[in-house]
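# Working through the structure, step by step
Each chain is listed here by its residues.
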Amino acid sequence: MKPTPLYQQLADELAALMASGTLRSGERLPSIRQTRLARGCSAATVFQAYYLLESRGLLRAAPRSGYFVAPTPIPVPMRSQPPAEARPVEVSELVFQLLGSGGHEVPAPFGSAFPSPALFPLEKLRRALVAGSRKMSPAQLTADLPGGHEELRRQISLRYLRLGLAISPDEIVLTNGALEALNLSLQALTRPGDAVLVESPGFYAALQAIERLGLRAIEIPTDAAEGADLDGLAALLRQHAPNPPKACWLMSSFQNPLGSLMPPEKKRALVALLAAHDVTLIEDDVYAELHFSTQPPSPAKAFERDGQVLHCGSFSKCLAPGYRVGWVAAGRFAPQLQRLKLSSSLGGSWPAQAALAEYLQGGGFDHHLRGLRAALAQQRDAMLAAVARHFPAGTRMTRPQGGYFLWVELPDGCDSLALHAQALAEGISLAPGPMFSARHEFDRCLRLNYGQPWTADLEHAMARLGALALACRKTSVNAWPTSRTD
Ligand SMILES: Cc1ncc(COP(=O)(O)O)c(C=O)c1O
């Protein structure tokens, strides 16, 4: 193993002092000269260490004053107090409008749902596609319907094994992205009119699926740090005991849009609570591979006892966007899911599945993931620092431990839908909070994507967005001086 460079050692030591609270927010660090003399190293080493900490958002350089510990993000408190009853959902119109407004193609695509293609091994995938297709015999083209490519299912099963889960390839149904896996799972568990538990705020596609299938949503208040509130969930389950919800669709790791991560014990408690009320969990785990810690988080499925969790995953976010390959580890529901898959789309795209099987067998996936995680962690820090630098005082934000979304709550008086329209006109997109709510709540919040390699142009766009937020706040406060409360 290569020895850790000196500047990195220094940066790590300082970061540890910040994490332990020895070095506090706003405190000045020893100057470059002082540190150079104290440690007997070169000025370049100290400068590089400080620069690294600055790029991670932990340090702030003030011209002619020195280096200061950056303010820690002010955590976003739990705002949602959804009504307890199950209600029909109408979000699709707003979501389609916002998705159709071109948020992916603008120069600063902070509203995009995807990370930059530059972060993916596209050339290696192309080669895997060619190699996989060469191996394809005509008989194989139809042999693996409807579960999907046998070797790919085996590879997915091997990845589960690394998390300590023994999942047979026969329990896995390959789908057109996780979105199909989630939709088919919901369809398998419900009939029109049934109630389904979802997070608030939560992934808009869950709300759209509920709307499309004629279901009703019960919203679980959800915390920006640790995810779904289990006390709130327990109260909802008690209240609905006579007519319990048929499913609970949620994300236990790197939730979209909050980025929250449930600790393992909370995942265990969640699974036990739902099982006690006979509610099946549809676990949306598409960001699982994008963790910033050394250990991957276990899914809630790791804590199930009686096959009550349908675990949905995807390669779209971590390896191959556009290939549209996802899956559901459906356990005892697998035959039902296979039938639904067969009747809705027969099967997935064989060449795309063969390419991913080929790529995974080749053994480069973990190497790619290490690079991707490091890049995303750095980009998160850069974006956190940019929000701290440029956004109005009183802005709160999350500090996600994985994924590529930051959830930002602007101060009172700001309206994220108005900000979205203004920013878009200047080539900056964002995902406004009301997209993530069955009742169009969270109008002061926005989801920002840090999946792009950080550049001076993106920093500039963040400065502009911050200025627009400040201006929009002034306008709103002047327009409605007394009608807004926190
Ligand atoms: C939370 C969540 N689940 C599922 C999906 C869909 O994943 P896929 O692209 O594999 O269909 C997305 C994509 O944006 C997502 O953010």
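Figured I'd write up the structure that's included with this text. (Residues numbered from 1 in each chain as written. Predicted model: local features only at pLDDT ≥ 70, side-chain atom pairs only at ≥ 80, totals over all residues. Heavy atoms only, no water.)

### Brief notes about the overall build of the protein chain
In terms of regular secondary structure, the protein chain is built from 16 helices and 16 strands. With the C-alpha coordinates aligned to their principal axes, the bounding extent of the protein chain is approximately 70 × 60 × 40 Å. Here the protein chain holds 486 residues, and 55% of them are scored as buried. Surface exposure of the protein chain reaches about 21200 Å², of which carbon and sulfur atoms provide 55%. If you average the places of the 48 positive and of the 43 negative side-chain charges in the protein chain, the two averages end up 6 Å apart. (Helix = DSSP H or I, 4+ residues; strand = E, 2+ residues; numbered from the N terminus. Buried < 20%, exposed > 50% of the residue type's maximum accessible area, 1.4 Å probe, protein only. Areas by Shrake-Rupley, 256 points an atom, 1.4 Å probe, with all protein chains shown as cover. Lys, Arg positive; Asp, Glu negative; His and termini not counted. Charge placed at Lys NZ, Arg CZ, Asp CG, Glu CD.)

### Here's the deal with the site of the ligand
Neighbouring the ligand are 14 residues; A178, D284, Y287, S314 and K317 lie closest to it. Between Y287 and the ligand, the recorded distance is 2.6 Å, taken from a side-chain N or O atom to an oxygen atom. Interatomic distance of 2.8 Å between a side-chain N/O atom of R324 and an oxygen atom of the ligand. Protein contact buries 95% of the 390 Å² of open area that the ligand shows by itself. The element that contributes the greatest number of residues to the shell around the ligand is helix α8 (residues 177-189), accounting for four residues. Partitioning the shell around the ligand into residue classes produces seven nonpolar, four polar and three charged. (Near = heavy atom within 4 Å. Polar contact = N/O pair within 3.5 Å; in protein donor to acceptor, adjacent residues only side chain to side chain. Nonpolar A, V, L, I, M, F, W, Y, C, P; charged D, E, K, R; others polar.)

### A closer look at the packing of aromatic side chains
Taken as a whole and judged by the stated rule, the model has 12 aromatic pairs. Arranged with centres 5.1 Å apart and planes meeting at 50°, the rings of F203 and Y204 form a pair that is tilted. Accessibility assignment for this pair places F203 and Y204 in one class, buried. The interplanar angle of 55° and the centroid separation of 4.7 Å between the aromatic rings of Y404 and F405 together place this pair among those described as tilted. The pair formed by Y404 and F405 is uniform in burial state, with each residue classed as buried. One cation-aromatic arrangement involves R447 over F405; the distance from NZ or CZ to the ring centre is 3.8 Å. (Phe/Tyr/Trp six-rings, centres within 6.5 Å; stacked < 30°, edge-to-face > 60°. Lys NZ or Arg CZ within 6 Å of the ring centre and 35° of its normal.)

### What to know about the nonpolar core
Counting 109 residues, the largest nonpolar core has F110, F315 and L448 as its most contacted members. Considering every element that reaches this core, the biggest residue donor is helix α14 (residues 365-390), with nine residues. Excluding residues within four positions of it along the chain, F110 makes contact with M383, I428, S429, L430, R447, L448, N449, W454, L458, A461, M462 and L465. The next biggest cluster of nonpolar side chains, apart from the first, holds 24 residues, and it includes L237, L250, V271 and V279. (Core = buried A, V, L, I, M, F, W, Y, C linked by side-chain atoms within 4.5 Å. Contact = heavy atoms within 4.5 Å.)

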